[in-house]
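Structural features, examined
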Amino acid sequence: MDDRANTFLSPMTFRPLRAEKFFKEAGKARTYEVDYDHDNFSAKVHKIWHKTEKTPKEKERTYTRAIPGLTFDAFSWFFDLRAKEDFKPDEVHSYYIDDGWKLNRVDLTVVGEERVLTPMGWFTSTRFDFTREELKATHKKSDGKNIEPSVETRKEAKPFGSVWLSNDSRRIPVKVQ
């Protein structure tokens, strides 16, 4: 396995401008390059299936797809979560995430405060349990311009894991499970 990713963020909004991902798993390799156009509710995806022993020819596909207005990539949503001031138990923070592969909504529910032991010592942290729901967005237009797309569920939400952020001003991710 050889997976790599780059995220390029707007310094003003922390929303992604571009995301690049390279996966090499089980003898197959592919790249996703995504350019986000939040004002027009779209993402241009360039997908490359690389030539390997299992796939003798390289294939490419470029397409544009609808995204909700506040869509993040696989990493940038985390910056938004870290920037929030306070967390209250049972509060839910939702993020649309499009990484060039699938559109998902991640819902993070605040579980509460926990002390977490790490190799760097103990951290008082906030725990979030999260679910992921696979979605499909469909372009909508008004007066010839893209507007917020309609979004429907492809696969129902399922528990996906937990993350702990330190409660200090740094909001360090101290544990992911």
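In case you missed it, the structure is sitting above this.
Rules behind the numbers
Residues numbered from 1 in each chain as written. Predicted model: local features only at pLDDT ≥ 70, side-chain atom pairs only at ≥ 80, totals over all residues. Heavy atoms only, no water. Pairing = 2+ DSSP bridges. Helix = DSSP H or I, 4+ residues; strand = E, 2+ residues; numbered from the N terminus. Axes fitted to C-alpha atoms, helices over the stretch in contact; angles between N-to-C directions. Phe/Tyr/Trp six-rings, centres within 6.5 Å; stacked < 30°, edge-to-face > 60°. Buried < 20%, exposed > 50% of the residue type's maximum accessible area, 1.4 Å probe, protein only.

If you walk across this open sheet you meet the five strands as β1-β2-β3-β4-β5, and the pairing is antiparallel. Every interior strand has two partners, whereas the edge strands, β1 (4-9) and β5 (59-66), have only one. In this sheet, adjacent strand axes meet at a mean angle of 10° when their direction is disregarded. For β1 and strand β2 (residues 16-25), the ladder comprises six bridges, and the chain directions are antiparallel.

Attention now moves to the sheet that holds strand β10 (residues 145-166). In space, the six strands of this open sheet follow the order β6-β7-β8-β9-β10-β11, with mixed pairing throughout. On the outer flanks of this sheet lie β6 (71-72) and β11 (173-176), each paired with one strand and no other. As paired elements, strand β7 (residues 92-98) and strand β8 (residues 103-118) share seven bridges and run antiparallel to each other. Residue pairing for β8: Ile-97 is matched across the bridge by Asn-104.

Scanning all chains against the criterion turns up seven aromatic pairs. Ring geometry for Phe-14 versus Phe-79: centroids 6.1 Å apart, planes at 10°, classification stacked. Pair noted here: Phe-14 is in the loop between β1 and β2 and Phe-79 is in helix α1 (residues 76-82), with a separation of 65 residues, a long-range link. According to the relative accessible area criterion, Phe-14 is partly exposed, its value standing at 43%.

Glancing now at unusual backbone geometry. Positive phi, close to 55°, is recorded for Phe-41, a residue that is not glycine. With respect to the helices and strands, the residue Phe-41 is situated in the loop between β3 (28-37) and β4 (42-49). You can call Phe-41 buried: its relative accessible area is 16%.

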